[in-house]
Amino acid sequence: MANTASAKKRIRQTIRRTAVNGARVSRIRTFMKQVETAIAGGNKDAAAQALKAAMPEMQRGVSKGVLHQNTVARKLSRLSARIKAL
């Protein structure tokens, strides 16, 4: 258990940041799932629109530090390749 005031404050901050980061990752996953659903449906236009909406969310995850840049680049690349193949 934390003894110093600064350690107690760090615990409070960590709890808040964990909640925010969890919500952010969940939101990103939702956007990615919408792209996956559109690809599974075979609708190229809907998939492209969903990817266009998902891109800024994923990039924001990188800038906020909840996802690694290479992870997002890989996922975007794979999704766009799958959309192209439709």
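Note: the structure precedes this text.
Going along each chain's sequence as written, the residues are numbered from 1 onward. Where totals are concerned, whole chains, interfaces and linings use all residues; where local detail is concerned, this predicted model gives features only for residues with pLDDT of at least 70, and gives and counts side-chain atom pairs only at 80 or more. Heavy atoms throughout the structure, all of them, feed into the side-chain values; hydrogens and water do not.

**Digging into the environment of H68**
Move 1: The helix count covers DSSP runs of H or I at least four residues long, the strand count covers runs of E at least two residues long, and both are numbered beginning at the N terminus. With respect to the helices and strands, the residue H68 is situated in the loop between helix 2 (44-64) and helix 3 (69-85).
Move 2: Considering only alpha carbons, one finds H68 and R27, 41 residues apart in sequence, at a separation of 16 Å.
Move 3: A distance of 3.1 Å separates the side chain of H68 from the backbone nitrogen of N70, its partner in a polar contact. Here a polar contact means two N or O atoms within 3.5 Å. Within protein one must be a hydrogen donor candidate and the other an acceptor candidate, and residues neighboring in sequence count only if both atoms are side-chain atoms.

**Section: the nonpolar core**
Move 1: For this analysis, a nonpolar core means a set of buried residues of the types Ala, Val, Leu, Ile, Met, Phe, Trp, Tyr and Cys, connected via side-chain atoms within 4.5 Å. Remark: exposure states derive from per-residue accessible area (1.4 Å probe, protein chains only) relative to the maximum for the residue type, with buried under 20%, exposed over 50%, and partly exposed in between. Counting 15 residues, the largest nonpolar core has V35, I39, L51, M58 and I83 as its most contacted members.
Move 2: Sorting the residues of this core by element identifies helix 1 (5-41), helix 2 and helix 3 as the ones contributing at least two each.
Move 3: Counting residues per element, this core draws most heavily on helix 1, which supplies six residues.
Move 4: Contacts between residues were defined by any pair of non-hydrogen atoms, one from each residue, lying within 4.5 Å. Among all residues touching I39, those that are not within four sequence positions of it are A47, L79, R82, I83 and L86.

**Points about the pattern of salt bridges**
Move 1: Basic side-chain nitrogens of Lys or Arg form a salt bridge, by our definition, when they fall within 4 Å of a carboxyl oxygen of Asp or Glu. Tallied over the full model, the rule gives three salt bridges.
Move 2: With a closest N to O distance of 2.8 Å, R60 and E57 form a salt bridge. Of this pair, R60 and E57 are both found in helix 2, three residues apart, which corresponds to roughly one turn of the helix.
Move 3: You can call R60 partly exposed: its relative accessible area is 35%.
Move 4: Residues joined in a network through salt bridges with shared partners are R27, E57 and R60.

**Things to note about helix 1**
Move 1: What a helix is expected to span follows from its residue count: subtract one and scale by 1.5 Å. Counted at 1.5 Å a residue, the expected span for helix 1 with its 37 residues is 54 Å, and the 54 Å between its end C-alpha atoms agrees.
Move 2: Inspection of helix 1 places V25, I28, F31, M32, V35, A38 and I39 among the buried residues, and these make up the whole buried set.
Move 3: On its buried side, helix 1 packs onto helix 2 and helix 3.
Move 4: G42 occupies a position one or two residues after helix 1 and carries a positive phi of about 80 degrees.

Just geometry here; none of it tells us what the structure is for.
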